[in-house]
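One-letter residues, chain by chain:
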Number of protein chains: 4
Amino acid sequence: MPGVTTATLRIGVIGVGRIGSMHAELVARQVPGASLAMVHDTYPAAAAEVAGALGVPVATSVEELLDAVDAVAICASTETHADLLVAAARAGKPAFCEKPISLDLPEVDRALAAVREAGIPVQIGFNRRFDPAHRSVAEAVASGTIGDVHLVRISSRDPAPPPLDYVRVSGGIFLDMTIHDFDMARYVTGSEVVEVYARGALRVQPAFAEVGDVDTAVVTLTHENGCLTVIDNSREAAYGYDQRVEAFGARGMAASENPLAHTGVVRTADGTVAPTLPYFYLERYVPSYVGEWEAFVDAVRAGRTPPVTVADGRAPLVIGLAAWRSLRENRPVTVAEVDGG
Amino acid sequence: MPGVTTATLRIGVIGVGRIGSMHAELVARQVPGASLAMVHDTYPAAAAEVAGALGVPVATSVEELLDAVDAVAICASTETHADLLVAAARAGKPAFCEKPISLDLPEVDRALAAVREAGIPVQIGFNRRFDPAHRSVAEAVASGTIGDVHLVRISSRDPAPPPLDYVRVSGGIFLDMTIHDFDMARYVTGSEVVEVYARGALRVQPAFAEVGDVDTAVVTLTHENGCLTVIDNSREAAYGYDQRVEAFGARGMAASENPLAHTGVVRTADGTVAPTLPYFYLERYVPSYVGEWEAFVDAVRAGRTPPVTVADGRAPLVIGLAAWRSLRENRPVTVAEVDGG
Amino acid sequence: MPGVTTATLRIGVIGVGRIGSMHAELVARQVPGASLAMVHDTYPAAAAEVAGALGVPVATSVEELLDAVDAVAICASTETHADLLVAAARAGKPAFCEKPISLDLPEVDRALAAVREAGIPVQIGFNRRFDPAHRSVAEAVASGTIGDVHLVRISSRDPAPPPLDYVRVSGGIFLDMTIHDFDMARYVTGSEVVEVYARGALRVQPAFAEVGDVDTAVVTLTHENGCLTVIDNSREAAYGYDQRVEAFGARGMAASENPLAHTGVVRTADGTVAPTLPYFYLERYVPSYVGEWEAFVDAVRAGRTPPVTVADGRAPLVIGLAAWRSLRENRPVTVAEVDGG
Amino acid sequence: MPGVTTATLRIGVIGVGRIGSMHAELVARQVPGASLAMVHDTYPAAAAEVAGALGVPVATSVEELLDAVDAVAICASTETHADLLVAAARAGKPAFCEKPISLDLPEVDRALAAVREAGIPVQIGFNRRFDPAHRSVAEAVASGTIGDVHLVRISSRDPAPPPLDYVRVSGGIFLDMTIHDFDMARYVTGSEVVEVYARGALRVQPAFAEVGDVDTAVVTLTHENGCLTVIDNSREAAYGYDQRVEAFGARGMAASENPLAHTGVVRTADGTVAPTLPYFYLERYVPSYVGEWEAFVDAVRAGRTPPVTVADGRAPLVIGLAAWRSLRENRPVTVAEVDGG
């Protein structure tokens, strides 16, 4: 019976907006070894609704929640992540933290220092590492099946652009969307990124010009080990949520294709027709969210370091900042320029 | 928030073995508009474990459960289905009933008479109709996309043979396994079956000879509208749960392919490697179980007839009985021979 | 440079209708180690046209051709095959013979006796054995990769029905079309067929009723080793030439899928669109025709027995005759009933 | 009968090395409306061998050949192309010319001036435009099916690196290999390239460092219409010849996948195994070579401009030169910098 264990990790969720309420529900219902203990939100009504539906109490403050739980999920808005990580560190509670940790590198470093000092386990929410297809690509590299990796190719396209108000505070395409691909590039190659060249265009949402954002991008990454990664992004794929990763190496290649909505196919004199892609991340990645929770819970219960570390949370942010500088100056930018000081 | 509605259908589950506990959990957690109200099992310990995990009370008798719920799920062993349907009919409670209704045609008819008299909504658990890929095949026929249907081809292969003790009471391959395919043939073509020719073999589990069962079979069905269906079955597919349906018609064909475990692929000089199939029905069909529950709950709440009727439960049983006679006498057998009197 | 060798097998083609002119051209242009030496046809104009295009002389008689060549391709109409095989045997010339050898079993046996007595190498034109995809299925069985074979599933559907006049003399669906599938069943399983059950329907071309033919069929074969083969056929697949073979065994399965016209795919909000199948055998099977010629030429030049023997030509005919009797009497028919005497 | 027409275009082939002898054979055997009239090569033995195999005379000089034919195929080594185009122009003979026209822009312009002045039809050998899968991508753009194009993604990977001696004179990866992809980017988008950023690496063949070449590359192109193209290349794909083109636009995407060697597939408990890719261009692109010949012959016979013009031959060379400058200076380079003067 899923969900039935004897000693469970009692988890509190801070922030129950779209992504936080999903995490709360997954923890409550689908993660063996864990239970939802409490939720908190700066909007009490939101907290009350989710708490009611899932049968748990509402915490009226972060402190109350941290007191009452074995571990915490930080799912509130990005600008609060660093403070909440510091609070979790002070309370000595293991933390799962949604990405990005912050849009501001010094803020990230402040949070990381607190985490390091307290020695709490922290896992960053790069869920795509737990998608079985993407994972199979990383494993084909790590196992040597495809030999030394020479090229990585990532396509990541959303079904529809976010509202302008979101883009205004999100850090823009490279920090709210491509950041997943920067993580994937590091995850698949196992090598740090040393240089970034980004090219962007406004093809979908001209209004993004107001905030200096683009909606279409191609980014080339040079890795420490000499491998090249190329990423293409769009904010609007008419056919759904397009997410593909491919690694090419000395002995072969490994790729994750998009799943289709189902496996039915129709052939007539006009050709062959199949369904389209899943619409967005909820249709595509729920198993990977469950997977990251299982990994976090297992690691915390076993006293192991969770698999997506704070360093894994920091590096893609730096790459994203370099991408923005590259786009603005139309030249390759080294990561050291952004991070070095 | 899934599962959060105001007026829910309170459902009781009778029989919480492997399939019943799955239904209980789905109703408890994943079916909008429904909630799990109570469970019952002839083994009180089994009932207690499921009830505890899902936070509902145990009914000590069928009557207590029927009294307390808005609708009932009949998931106990096959030989109890007819009596439980009669009890639900007397209690005036809508019933979801696992297939088959009974292995004995007069028993089926006794239950159906009670259901008809009471006028309760009943849905039979042919979940595969709710698989989106198989459904797309039926829809391609129903919509006329592929024209008049001429041929249907169904492969249905389990990963491993059941225990001999199960086969002894299950009605054998045609009544516990092929029965899903007989339903699919009727569902996809929209036409009744008039003649059956079955050929079987023992290739996997010689011990099945003791109970007169086979583990490998090919069945040809002739439909009222002239269409031919061919079904192949095996109790043991080394590569997982193989489930495919194909309809061929005057203007094209529609087919449901097997999903793979994930979409990753590796190419080397030795060829292309992809994952294998889902292992069994839990890995393949959970969304279709959710789908049949949604359909049942929607129908009952809206006062509509549920989509898989008692007649849909009876017909595949008759075809299965004809298949057994055909296999034993090695000749085509008309459905009328078995059902006619 | 393809086609350039020093000592080539000089081949004469008898009968240059649709299939014969294709063979003549392949031999002339694409078969290493062979050259086209001469052609003959009972219609001199047909012979002259092909001979002119390919730059070879016309033989005015079969005898003249047999005298002038190293080997002969028998591609004239079916009723002449037996006599031509006898003539080739008497002339001591290796023969490639299109299928079927004859529609009449005693005629086949007369030709085979002559061939055996003369000891000439003979290869029957079951080209599909040389299709790399179908061949990979047979090899997966022969190598033990999929274990003992339990089930074989063959779909074979033509794009459009032949003219009634053709059907009148062709021996009907089981002898002009399914005969390839009977060959494939023997080829893939490596086991003889002992019993046949055929079910047919008229769904496409009602006029075929005049000559007692059907246009839609399902045939179940029982093999000597206990394996079951199921074949489905249609004379009219709106989406092209559908040719699939699948073998299922104790350790896995192997299947040949249809190639599509090309690998392009388009995804929009409406779904995924891909091309349709090749139209007919010329679009699908030319490489397999080249393959059978390479095998024949290699065998003859090396003094080996060609890979599709006269026994391989006779067995599918017997199965086809059993299928006709089964269809007409609606009962399973053993091969022994038809062949035994 | 393929190859049989009444008034054929008599074609002479200059240069019968690997690619030239292939063209000679295709023209001789597979191009309706054309015949091979004569061949010439600076190595008389090579000319004699091909001429003998195909039954045509050898021309002892370019002039003799130009005199004797209706049109000429220029397949000799790259450094001769410009002079041969000029000679064809002077002789007033339509010319098919292998790519690149020259590695030297002034040379290209000299040839183009002669062609323009003489008004002869010229077609450049970018055969991939005639591959039906790649063509389907271009057509999905041109027809508006996928809307305004935003991104193009091209992978082009050879099975094995060429010899160092070839690389020394070929112009390096961007002029002998990526040049096809530059053509494809223009063909698919219908828009000129204005800026190039190239990143390269030596991952396969360290010896290429001697001549300043790379074996692994990623190139980003910015088009006049704002679209971005990203190309990845490798000289050594262990799994064969990997050639994919994808266009992404406002209303969808279109892509050409790699064909596999055949359609057979095997499933066991270990997973699903399929064949690998075609080995190299002869296994993959022969139909596209036939296609370009058909287009050339049709255009010349109809008095139309052939479909891949001299401007189409010049533009990819300019892009390639810009790519080299970009790689060496590690900065984006505009096409105007290279071409402007």
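Rules behind the numbers
Residues numbered from 1 in each chain as written. Chains lettered and ligands numbered in written order. Predicted model: local features only at pLDDT ≥ 70, side-chain atom pairs only at ≥ 80, totals over all residues. Heavy atoms only, no water. Contact = heavy atoms within 4.5 Å. Buried area = accessible area lost by both parts, 1.4 Å probe. Salt bridge = Lys/Arg side-chain N within 4 Å of Asp/Glu carboxyl O. Polar contact = N/O pair within 3.5 Å; in protein donor to acceptor, adjacent residues only side chain to side chain. Helix = DSSP H or I, 4+ residues; strand = E, 2+ residues; numbered from the N terminus. Buried < 20%, exposed > 50% of the residue type's maximum accessible area, 1.4 Å probe, protein only. Phe/Tyr/Trp six-rings, centres within 6.5 Å; stacked < 30°, edge-to-face > 60°. Least-squares fit on C-alpha atoms with pLDDT ≥ 70 in both. Lys, Arg positive; Asp, Glu negative; His and termini not counted. Pairing = 2+ DSSP bridges. Axes fitted to C-alpha atoms, helices over the stretch in contact; angles between N-to-C directions. Nonpolar A, V, L, I, M, F, W, Y, C, P; charged D, E, K, R; others polar.

Trainee: How should I be thinking about the interface of chain A and chain B in this particular structure?
Mentor: Many analyses report the size of an interface as the accessible area lost when the parts associate. At the junction of the two partners, chain A supplies 31 residues and chain B supplies 31 residues. Of the roughly 2400 Å² buried at the junction of chain A and chain B (both faces included), carbon and sulfur atoms supply 62%. On the surface where chain A and chain B come into contact, there are zero salt bridges. At the boundary of chain A with chain B, the tally comes to seven residue pairs in polar contact (both at pLDDT 80 or more). Elements that contribute at least two residues to the side of chain A that touches chain B include exactly α1 (18-29), α2 (44-54), α6 (132-142), β11 (252-256) and β12 (264-268) of chain A.

Trainee: It is not clear to me how the side chain of B:Asn233 should be interpreted in this structure. Could you clarify?
Mentor: Mapped onto the elements of the fold, B:Asn233 is located in strand β9 (residues 228-234). Residue B:Asn233 is classed as buried on the basis of its relative accessible area of 0%. Within the local environment of B:Asn233, its side chain forms a polar contact with the backbone oxygen of B:Ser156, the two atoms lying 3.0 Å apart. A polar side-chain atom of B:Asn233 sits 3.0 Å from a polar atom in the side chain of B:Asp181. Residues within four places of B:Asn233 in sequence aside, it is in contact with B:Ser156, B:Arg157, B:Ile173, B:Met177, B:Thr178, B:Asp181, B:Asp215, B:Thr216, B:Ala217 and C:Leu151.

Trainee: Whenever I open this one, the packing of aromatic side chains confuses me. Can you help?
Mentor: Aromatic ring pairs are reported here in terms of the distance separating the ring centres and the angle at which the planes meet. Counted according to the given criterion, the structure contains 42 aromatic pairs over all chains. Judged by centre distance (6.4 Å) and plane angle (70 degrees), the rings of B:Tyr281 and B:Tyr289 are edge-to-face. For the pair formed by B:Tyr281 and B:Tyr289, the shared burial category is buried. Aromatic rings pair up to connect A:Tyr241, A:Tyr279, A:Phe280, A:Tyr281, A:Tyr285 and A:Tyr289 into one cluster.

Trainee: Explain the relation of the copies chain A and chain D to me, please; I cannot follow it from the model alone.
Mentor: One chain copy maps onto the other through a rotation about an axis and a shift parallel to that axis. Rotating chain A by 180 degrees and moving it 0.0 Å along the rotation axis overlays it on chain D with an RMSD of 0.0 Å. Accordingly, the operation relating the two chain copies is best matched by a two-fold axis. Rotation axis and chain A: the residue whose C-alpha lies nearest the axis is A:Arg331, separated from it by 2.8 Å. The residues that chain A uses at the interface reappear at the interface of chain D in 100% of cases, marking a shared surface.

Trainee: Honestly, the side chain of C:Glu98 in this entry has me stumped. Any pointers?
Mentor: All names here are of chain C. Relative to the assigned elements, Glu 98 resides in the loop between β4 (95-97) and α5 (105-118). For the buried Glu 98, no salt bridge is present, and the opposite-charge side chain at shortest range is Lys 99, 5.4 Å distant. A polar contact of 2.8 Å, which involves the side chain of Glu 98, links it to the side chain of His 23. If sequence neighbours within four positions are ignored, Glu 98 has contacts with Ile 19, His 23, Ile 74, Cys 75, His 81, Gly 125 and Glu 292.

Trainee: Quick question: what am I supposed to make of the sheet that holds strand β2 (residues 34-40) of chain B here?
Mentor: Where strands meet in a sheet, backbone hydrogen bonds hold them as pairs that are either parallel or antiparallel. All names here are of chain B. Pairing within the open sheet is parallel, and its five strands lie in the order β2-β1-β3-β4-β5. Single-partner strands in this sheet number two, and they are β2 and β5 (122-124). Each strand axis lies, on average, 20 degrees off the axis of its neighbour in the sheet, ignoring direction. Bridging between strand β4 (residues 95-97) and β5 involves three bridges; their strand directions are parallel. Directly across from Phe 96, in β5, lies its bridge partner Gln 123. Most of the contacts of helix α10 (residues 281-302) go to strand β1 (residues 9-14), to which it runs at about 125 degrees, and overall it touches β1, β2, β3 (71-74), β4 and β5.

Trainee: Please explain the sheet that holds strand β4 (residues 95-97) of chain D as it appears in this structure.
Mentor: Residue and element names in this part refer to chain D. Strand order in the open sheet formed by five strands is β2-β1-β3-β4-β5, and the pairing between neighbours is parallel. Edge positions in the sheet fall to β2 (34-40) and β5 (122-124), since each has one partner strand and no second. Each adjacent strand pair in this sheet contributes to an overall mean axis angle of 20 degrees, direction not counted. Of the strand pairs in this sheet, strand β1 (residues 9-14) and strand β3 (residues 71-74) are connected by four bridges, and their pairing is parallel. The residue bridging Gly 12 from the neighbouring strand is Val 72, located in β3.

Trainee: What am I meant to see in the pattern of salt bridges here?
Mentor: Once the charged atoms of two side chains with opposite charge are near each other, the side chains can pair. Taken as a whole and judged by the stated rule, the model has 100 salt bridges over all chains. For B:Glu107, the salt bridge goes to B:Arg110, with nearest N and O atoms at 3.0 Å. Placement of the pair is B:Glu107 and B:Arg110 together in helix α5 (residues 105-118), with a separation of three residues, close to one helical turn. The exposure class of B:Arg110 is partly exposed, given its relative accessible area of 36%. For the salt bridge of D:Asp131 with D:Arg284, the shortest nitrogen-to-oxygen distance reads 2.8 Å. You can see D:Asp131 sitting in the loop between β5 and α6 (132-142) and its partner D:Arg284 sitting in helix α10 (residues 281-302), a full 153 residues away along the chain. With a relative accessible area of 4%, D:Asp131 lands in the buried category. A relative accessible area of 8% places D:Arg284 in the buried class. Each of A:Arg153, A:Glu246, D:Arg157, D:Asp232, D:Asp242 and D:Arg244 takes part in one network of salt bridges that share partners.

Trainee: What is the right way to read the interface of chain A and chain D from this model?
Mentor: Opposite the 42 residues of chain A that make contact, chain D presents 42 residues. Carbon and sulfur atoms supply 58% of the area buried between chain A and chain D, which totals about 3300 Å² over both sides. Between D:Glu246 and A:Arg157 there is a salt bridge, with the nearest N and O atoms lying 2.7 Å from each other. Joining chain A to chain D, the criterion identifies 16 residue pairs in polar contact (both at pLDDT 80 or more). Elements supplying a minimum of two residues to the side of chain A that touches chain D: β6 (149-157), β7 (193-201), β8 (216-223), β9 (228-234), β10 (242-249) and β11 of chain A. Of all the elements, β6(A) adds the most residues to the side of chain A that touches chain D, at seven residues. Looking at the side of chain A that touches chain D residue by residue, the classes come out as 18 nonpolar, twelve polar and twelve charged.

These results come straight from atomic positions and should not be treated as a statement about function.
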